[in-house]
Amino acid sequence: MGYTSVVCVKQVPDTKRITGNAMREDGTVNRAALPAIFNPEDRNALEAALRVRDEHGGTVTVVTMGLPSACDVLREALERGADRCILITDRRAAASDTLATSYILSCAVGKLKPDLVFCGRQAIDGDTAQVGPQLAEKLGFTLMTYMEELALEGREARVTRNIGNGRETALARLPALFTVMESANEMRPAAMRKIMKFKKARAPMEIANSVKTALGVSATPEALAAETSRRTEELAARGLLIDQWNLDDIGARLEWCGGAGSPTRVNRVQSVVLAGGDYREFEPTQASIGQLVAELVQDHTIG
Amino acid sequence: MEDLNRKGEILIFAEQDNGVLSEVPLELLSKGRELADTLKVPLACVLVGDKVGGLARKLIQHGADTVYVADDPRLKDYQTASYARVVGDLITERRPQICIFGATPMGRDLAPTVASAQRCGLTADCTDLQIGNYTDPATKEEQTSLLLQIRPAFGGNIIATIVNPYNWPQMATVREGVMRMSSADTGRQGRVVEAAVNLDGMELPVRVLSRVTRARTVNLKAARIIVAGGAGVGSRENFQLIRDLAGVLGAAVGASRAAVDLGFIANDHQVGQTGTTVRPALYIACGISGAVQHCAGMQESAKILAINSDRDAPIFGIAHYGIVGDLNEVLPMLIKAIRGGASIGQAVAQHAEPKA
Ligand SMILES: Cc1cc2nc3c(=O)[nH]c(=O)nc-3n(C[C@H](O)[C@H](O)[C@H](O)COP(=O)(O)OP(=O)(O)OC[C@H]3O[C@@H](n4cnc5c(N)ncnc54)[C@H](O)[C@@H]3O)c2cc1C
Ligand SMILES: Cc1cc2nc3c(=O)[nH]c(=O)nc-3n(C[C@H](O)[C@H](O)[C@H](O)COP(=O)(O)OP(=O)(O)OC[C@H]3O[C@@H](n4cnc5c(N)ncnc54)[C@H](O)[C@@H]3O)c2cc1C
């Protein structure tokens, strides 16, 4: 039999490595100064799906919504053993909050008709942990948050969840969506053979960009298109094509996507990171300590 | 889409577990009371469970004007689907302008599900809520009396203010322990209203087999602020100073291994290589020398304040702020400043007083 699984992964800036120079003067984050990585708990989500396939058979498809550069995490997923990867990319999806993100993902994931969907519990940039539960609601799937252990039998999942002050074991009806904890497992290493093979995998947008570079500015649009489709077909034949979908491909309603479909607005952002090496001494007097406290209140560290 | 019910009440989800009310809703009630008074609207709670009506009184004593009780044997165990149905139905009926949930494991499971079904926004893990105005950067249109939802993001490295201008209810989850709980007013009156439970024909997709919980000890990892004491605190009795400072800040209490070994405090408070690794927004190290094994567990804190009588203590090498002095003098001054020194103002004092 086997289960059809979809794993949602996000490429994120490595916020654990933030220092003062990753912050701009206006308090916003200079993402370019931070390495882009596979969201940590999405590794655990992928591993959980691969273990289901190891045990029961079936397929694992990895989906990400983001810029074409997010293909880096898709290649990593292929190296670890994913069967298929899909990049959802569309300018009209920019500025999506979690409601719009989960709507767009639901349109794509729904097309794949999975039995199981795996998300990380939380992404380390937006830090909301909302996309998983909202995706489950939109798909009408049983939601199982904070998963640590999973066993499947027929159309039922036996799940151990970490509920903060303890553990809960429950039976959940499929189809179901799991948000996976870091403590659930450890992602398997990539086999060298797969690394060599899948480092060449590309999405159409990446192919088009490299063709542009290869043929130079003088190339005609026809020549570009011909070369792009030649390379695309070649990669597809070797199983190295990353699928690429836009909002039309997944039949999304545009008014529910991107900024237009996002009820929340980021009104203001303040940095709380200090520039490296900053050190200030305060006198052990009431006045000086009051000054320190006022500063900490001002920047929302306390209060 | 623009459909703002400015007369709508403020609704707080009153989390309970096995008939025991959690602390979060009581914390949320004191904040909710402040917001409701500013907006001049009622403050309500929704209580969901089996035979939980008795908990309504406590909610009223802590500031609720109305408590909606959804009582049904099928609601005994928390389940996303059934709880989301009941809470969602109430929101559809009452059209509150603001809905607040604790950012607990349960709240962070329930709130996004409800928000998704309502197609409204949801701000995660807020550390403060205020009422204020917002100017749309595109249209320059100003909106008054919106909920300003203040939250850390980006691994705690930034603080963002999120608004929800056009699509209500304005929904947020709020981190545990950051809002001060006000004391109960036993004479306070309020209404208890039965809420509709429409679960007929709903086949619950989950069956809970077992649930093992332990009494909560310290949760250092989730703390936004940690006040830690070391050998320099001097005695078990004197460790109360550390607890007092933590109390006014709503912070968790941490310790060095020396403090644990000396018996000042239990070992689940230990920070460091062989203890817990923490990354709070603020770490206050009191009488801690800054051994590498201690620093390994806290040096990634966004801000570090070191208080030590030895100017050459290594802890100052990784600190952002330092006070060279005797902690027995410095800590009382710090507590006094936080409790509401003239320069800090009302807003701080309200957050900072110890929990009732
Ligand atoms: C400073 C700041 C604050 C924000 N605050 C809020 C807020 O309070 N409320 C709100 O609604 N939005 C907020 N957003 C927007 C939010 O970050 C984005 O919508 C983001 O795309 C998804 O949220 P997240 O990063 O929190 O993901 P989470 O919900 O934490 O992600 C959980 C899991 O969902 C899956 N997933 C998430 N995103 C993707 C993706 N693009 N592709 C594939 N899988 C994915 C992954 O499995 C991931 O592990 C904020 C953005 C910023 C910059
Ligand atoms: C394998 C290994 C693992 C370890 N793991 C950990 C670990 O996980 N966590 C950990 O903390 N340690 C750990 N240690 C122990 C570590 O090496 C230090 O011994 C310990 O951190 C010291 O604790 P301390 O700073 O409280 O005490 P001390 O080093 O004794 O420092 C006390 C400080 O208090 C100051 N002081 C004294 N009186 C006052 C006063 N009145 N006002 C202000 N300041 C005052 C002093 O100037 C001094 O700097 C480990 C050690 C080993 C070998």
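Starting afresh in each chain, residues are numbered from 1 along the sequence in its written order. As a convention, the first chain written is A and the first ligand written is 1, with the rest following in written order. Local features in this predicted model are restricted to residues whose pLDDT is 70 or higher, and side-chain atom pairs enter the listing and the counts only when it is 80 or higher, whereas totals over whole chains, interfaces and linings include all residues. Calculated side-chain values reflect all of the structure's heavy atoms, with hydrogen atoms and water omitted.

> It is not clear to me how the domain arrangement of chain B should be interpreted in this structure. Could you clarify?
A common way to express how large an interface is: the accessible area buried when the components associate. Residue ranges labeled as domains rest on an automatic or database domain assignment. Its domain assignment divides chain B into domain 1 (3-194) and domain 2 (220-354). Taking only C-alpha atoms into account, the centre of domain 1 of chain B sits 32 Å from that of domain 2 of chain B.

> Looking at this structure, how should I read the pairing of strand β11 (residues 170-174) of chain B?
Residues and elements named next belong to chain B. Only protein chains enter the accessibility calculation, which uses a 1.4 Å probe; a residue is then buried when its area is under 20% of its type maximum, exposed when over 50%, and partly exposed in between. Under the scheme used here, helices are H or I runs from DSSP no shorter than 4 residues and strands are E runs no shorter than 2 residues, and both carry numbers assigned from the N terminus. Counting buried positions over the 5 residues of β11 gives 5, a clear majority of the element. Burial along β11 is two-sided: the face carrying Gln170, Ala172 and Val174 and the face carrying Met171 and Thr173 are both buried. When DSSP finds at least two bridges between two strands, those strands are taken to pair. The pairing of strand β6 (residues 98-102) with β11 spans 5 bridges and is classified as parallel. Its bridge partner lying in β11, phenylalanine 101 is registered against threonine 173. Pairing of strand β7 (residues 122-126) with β11, which is carried by 3 bridges, proceeds in the parallel orientation. By the bridge assignment for β11, leucine 122 is matched with methionine 171.

> Explain the site of ligand 2 to me, please; I cannot follow it from the model alone.
All names here are of chain B. Of all residues adjacent to ligand 2, which total 25 residues, the nearest are Ala231, Ser256, Thr274, Ser289 and Asn308. By the criterion applied in these results, polar contacts are pairs of N or O atoms within 3.5 Å in which, for protein atoms, one can donate a hydrogen and the other can accept it, and in which residues neighboring in sequence qualify only through two side-chain atoms. Measuring from an oxygen atom of ligand 2, one finds a side-chain N or O atom of histidine 294 at 2.8 Å. Here, Shrake-Rupley sampling with a 1.4 Å probe gives the accessible areas, and only protein chains in the shown set may cover a residue. With the chains in place, 71% of the 990 Å² that ligand 2 exposes on its own is no longer accessible. Contributing elements (two or more residues each) for the shell around ligand 2: α6 (257-261), α7 (292-295) and α8 (327-338). Partitioned by chemical class, the residues of the shell around ligand 2 number 6 nonpolar, 16 polar and 3 charged. Proximity is defined per residue: any heavy atom of the residue falling within 4 Å of a molecule or strand makes that residue near it. Just so you know the grouping, Ala, Val, Leu, Ile, Met, Phe, Trp, Tyr, Cys and Pro go in nonpolar, Asp, Glu, Lys and Arg go in charged, and all remaining residues, Gly too, go in polar.

> Please explain the site of ligand 1 as it appears in this structure.
Taken together, 34 residues lie around ligand 1, and Cys8(A), Lys10(A), Asp42(A), Thr128(A) and Arg151(B) are the ones closest in. At ligand 1, the nearby residues belong to more than one chain, namely chains A and B. One nitrogen or oxygen atom from the side chain of Thr98(A) is found 2.8 Å from an oxygen atom belonging to ligand 1. Within the contact set of ligand 1, a nitrogen atom lies 2.8 Å away from a backbone nitrogen or oxygen of Leu122(B). In isolation ligand 1 offers 940 Å² of accessible surface; the protein chains occlude 92% of this area. Residue assignment for the shell around ligand 1 shows that the elements contributing at least two residues are β4 (58-65), α3 (98-111) and β6 (116-120) of chain A together with β7, β9 (142-153) and β10 (158-163) of chain B.

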